[in-house]
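# Structure at a glance
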Amino acid sequence: MKASDAIAEVLSANNVDYGFELIGGMIAHLVDSINVLGKTKMVSLHHEQAAAFAAGGIARATNNQKLGLALGTSGPGATNLITGIADCWLDSCPCIFITGQVNTNELKLERNIRQQGFQELDIVSIVKSITKFAHQITCKEEIIPVLQQAIDIAKSGRPGPVLIDIPMDLQRAELPDDIIDYLAVKKDKQNAKNNSEKVFDEVLALLSSAQKPVFLIGGGAINEPHFAAWQKAISESGLPHVSSLKGSEKTRQRPAYYGMIGSYGTRTANYAVQNCDLLIVLGSRMDVRQTGADTADFARNAKIIQIDLDEAQLENRVIADINVNETCEDFLIAHLQYLEGQSHIEKKSWQLELDTHWKNNYQDEYADWSVSPFQICQTLSNAFDNKPVHYVADVGNNQMWVAHSLLLGEKQAIHHSGGLGAMGFAIPTAVGVAYAAECPTVILTGDGGAQLNIQELDIIARERLPVLTIVFNNQSLGMVRAFQEMYFDGRNDSTFWSGYSSSFSSIGKAYNIESFTTADLAEFSGYINNFIKDPKPMLIEILMSDARECRPRLAFGNPIDKQYPVKD
């Protein structure tokens, strides 16, 4: 059996349904074998960075149940994957990256030279710090065992990316026909760990006695199997909960949920954290955008409990009163069992207080603009009410607008480049999400972020994917421009070019996508409804030249409940 054929079989047997690549000589054998087998759909993109983002989209859209796959040829193909690999690393997305390498007789090995073969590059050393496992294959006998090991590592514990670098001569080597026989008897390894409720007895006791408890939901909680059922249960029990940016991706709008905390969070979420007496943190690292610079003033009145499977995340920036090194899933199960014995609870004064705060403060703060981002998000929420949809946000003002104001319903999610914050994330990630989610996908990007991987609009059109691209065009790199205006007396070099901007609707049309330009909410709503009736490639460019900041936002040094513009 040819080695590349065996690799294709292993990928398929491990439920790798989609792979993404930009073809190159050093991966030609792999791409051909995967396509001939026909069990993993290979999608050709125009840039390896986009392929890496798309692979991450598979994991994101399936709650990390499916492994994303991206391939890159040697040299520049491999280095182009790096940004997407780093994005998967920081957001804990299980993906496998396979790079082609020059033939083994062309490797420089221990020679003190920069390069031996054409396009030879030591990609393994480069990505060691942003992968759970990275290995260059040195002999044909290790190809299949190492591949399976890498797949298992990507999915185990805290998930993340892995990379295997395979010389081309080993890809075409002959392996014994029985090399993949193990797949027929392979069984998924089940965790032997079986935590009893007693591990969380102290947490549950404190929760039951707290007068003003709040859950902070992080990215480490939302992909757990029992998360949706748990959120439904705590909502019905009137337990207030808020989220981090990553936690907001799959936390649905329910009673007692008050949105995202932090610099660009909702005023009520920040108020809840700053005035609670117990904060239970589920799978969140509490970075500076969540807590503000002064960690001592974060949750200033509360006892903090942090639950995380990654022990290194405990006692980090924010020192909790109680640290629990367990999975969020174990806690969700224990808490659900605890709640089962309780009858329906009437709203407590704390929830009523937060409900009132939400009613008075979750409002449109952009009424003075020609087009309000808040109203755009409300239009989307209303149009997709009770309909499955996945949103993919880019990075910049557009990301914070939607993280603050776009409310999710059942069978809905929004995907962010959280830890890395990579501009250019949205369009290629949406390609992967559209395949894996099997429902309409909506890209939310700015005129800055869209340009970085705009070439992948061609793939959306070619594959006839049900993807709507919305470009917020404020003719600038708005988030940094606002920073410049605050701190550099309005000098906006590199972020604003006197109103110059591309015509994104024209670009969309050039890629054979039905495209529109608008600055009118009613017209925008009509386009959205047309997409919902017939989900096919569409682009809407929203002209909003006066949109230059996020409201509310936090100035550096302020506590999170003192956002600008300041309210009484």
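Residues numbered from 1 in each chain as written. Predicted model: local features only at pLDDT ≥ 70, side-chain atom pairs only at ≥ 80, totals over all residues. Heavy atoms only, no water.

### Some remarks on the sheet that holds strand β6 (residues 161-167)
In spatial order, the strands read β2-β1-β3-β4-β6-β5; together these 6 strands make up an open sheet with parallel pairing. Every interior strand has two partners, whereas the edge strands, β2 (41-44) and β5 (133-136), have only one. Across this sheet, the average inter-strand angle for adjacent strands is 20°, counted without regard to direction. Two strands pair when backbone bridges link them, and strand β4 (residues 95-101) and β6 are joined in this way by 7 bridges, in the parallel orientation. Of the residues in β6, the one forming a bridge with Ile-96 is Val-162. Seen against the sheet, helix α3 (residues 48-61) touches β1 (18-21), β3 (68-72) and β4 and runs at an angle of roughly 165° to β3. Along the sheet, helix α19 (residues 426-437) contacts β1 and β2; its crossing angle with β1, the most-contacted strand, is approximately 160°. (Pairing = 2+ DSSP bridges. Helix = DSSP H or I, 4+ residues; strand = E, 2+ residues; numbered from the N terminus. Axes fitted to C-alpha atoms, helices over the stretch in contact; angles between N-to-C directions. Contact = heavy atoms within 4.5 Å.)

### A look at the domain arrangement of the protein chain
The assigned domain composition of the protein chain is domain 1 (3-185), domain 2 (199-361) and domain 3 (373-550). Spacing between the C-alpha centres of domain 2 and domain 3 amounts to 29 Å. Counting residues at the interface gives 15 residues for domain 2, matched by 18 residues for domain 3. Linking domain 2 to domain 3 there are 1 salt bridge. Between Glu-410 and Arg-254 there is a salt bridge; the shortest N-O distance is 2.7 Å. Linking domain 2 to domain 3 there are 7 residue pairs in polar contact (both at pLDDT 80 or more). Residue composition of the side of domain 2 that touches domain 3, grouped by class: 3 nonpolar, 5 polar and 7 charged. (Domains from an automatic or database assignment. Salt bridge = Lys/Arg side-chain N within 4 Å of Asp/Glu carboxyl O. Polar contact = N/O pair within 3.5 Å; in protein donor to acceptor, adjacent residues only side chain to side chain. Nonpolar A, V, L, I, M, F, W, Y, C, P; charged D, E, K, R; others polar.)

### Thoughts on the UniProt feature "domain: Thiamine pyrophosphate enzyme central" (unreviewed entry) in the protein chain
On the UniProt side, "domain: Thiamine pyrophosphate enzyme central" (unreviewed entry) is annotated at positions that read residues 201-332 here. The distance separating the terminal C-alpha atoms of residues 201-332 is 13 Å; by composition the span is 31% helix and 19% strand. (UniProt positions renumbered as here; feature names shortened; annotations may be inferred.)

### Some points on the packing of helix α17 (residues 373-383) against helix α24 (residues 521-533)
In contact at an axis separation of 10 Å, α17 and α24 are set at 30° when each is read in the N-to-C sense. With respect to each other, α17 and α24 are oriented roughly parallel. When the axes of α17 and α24 are compared, the crossing they make is right-handed. Two secondary-structure elements touch here, α17 through Gln-375, Ile-376, Thr-379, Leu-380 and Ala-383 and α24 through Leu-521, Phe-524, Ser-525, Ile-528, Asn-529 and Ile-532. When grouped by side-chain class, the residues that make up the contact of α17 with α24 number 7 nonpolar, 4 polar and no charged. (Parallel < 35°, antiparallel > 145°, perpendicular 65-115°, else oblique. Left-handed = near helix turned anticlockwise from the far one by under 90°.)

### Observations regarding the environment of Asn-63
In this fold, Asn-63 is placed in the loop between α3 and β3. Among the residues examined, Asn-63 registers a relative accessible area of 29% and is labelled partly exposed. Along the backbone, Asn-63 and Ser-372 are 309 residues apart, and their C-alpha atoms lie at a distance of 32 Å. Within the structure, Asn-63 has its side chain in polar contact with the side chain of Lys-250 (distance 3.0 Å). (Buried < 20%, exposed > 50% of the residue type's maximum accessible area, 1.4 Å probe, protein only.)

### Focus: the pairing of β6
Looking along a regular strand, one sees the side chains alternate between the two faces of the sheet. Across the 7 residues of β6, 7 count as buried, placing the element largely inside the fold. Alternating residues of β6 divide into Pro-161, Leu-163, Asp-165 and Pro-167 and Val-162, Ile-164 and Ile-166, and every residue in both groups is buried. For β5 and β6, the ladder comprises 4 bridges, and the chain directions are parallel. Each bridged residue has a counterpart across the sheet, and for Ala-134 the counterpart in β6 is Leu-163. The parallel pair β5 and β6, bridged by helix α7 (residues 143-155), forms a crossover whose chirality is right-handed. (Right-handed = clockwise from strand over helix to strand, strands pointing away.)

### Details of the pairing of strand β13 (residues 389-393)
Extensive coverage of β13 is indicated by the burial of 5 of its 5 residues. Side-chain alternation along β13 places Val-389, Tyr-391 and Ala-393 on one buried face and His-390 and Val-392 on a second face that is also buried. Pairing between β13 and strand β14 (residues 412-415): 4 bridges, direction parallel. Bridging from a neighbouring strand, Val-389 pairs with Gln-412 of β14. Read as a crossover between parallel neighbours, the route from β13 over helix α18 (residues 397-405) to β14 is right-handed. Pairing between β13 and strand β15 (residues 441-446): 4 bridges, direction parallel. Bridge pairing links Ala-393 to Leu-444 in β15.

### Quick look at the UniProt feature "domain: Thiamine pyrophosphate enzyme TPP-binding" (unreviewed entry) in the protein chain
Within this structure's numbering, the places UniProt gives as "domain: Thiamine pyrophosphate enzyme TPP-binding" (unreviewed entry) are residues 394-542. In this annotation, residues 394-542 is assigned 42% helix and 18% strand; the end-to-end C-alpha distance for the span is 15 Å.

### Considerations on the packing of aromatic side chains
All told, the structure shown has 17 aromatic pairs when counted by the stated rule. Where Phe-53 meets Phe-425, the ring centres are 5.6 Å apart and the plane angle is 80°; that geometry is what we call edge-to-face. With a gap of 372 residues between them, Phe-53 in helix α3 and Phe-425 in the loop between β14 and α19 connect regions that are remote in the sequence. Accessibility expressed as a relative area gives 1% for Phe-53, which makes it buried. The exposure class of Phe-425 is buried, given its relative accessible area of 0%. Between Phe-200 and Phe-331, the aromatic rings sit 5.4 Å apart at their centres with planes inclined by 75°, giving edge-to-face as the arrangement. (Phe/Tyr/Trp six-rings, centres within 6.5 Å; stacked < 30°, edge-to-face > 60°.)

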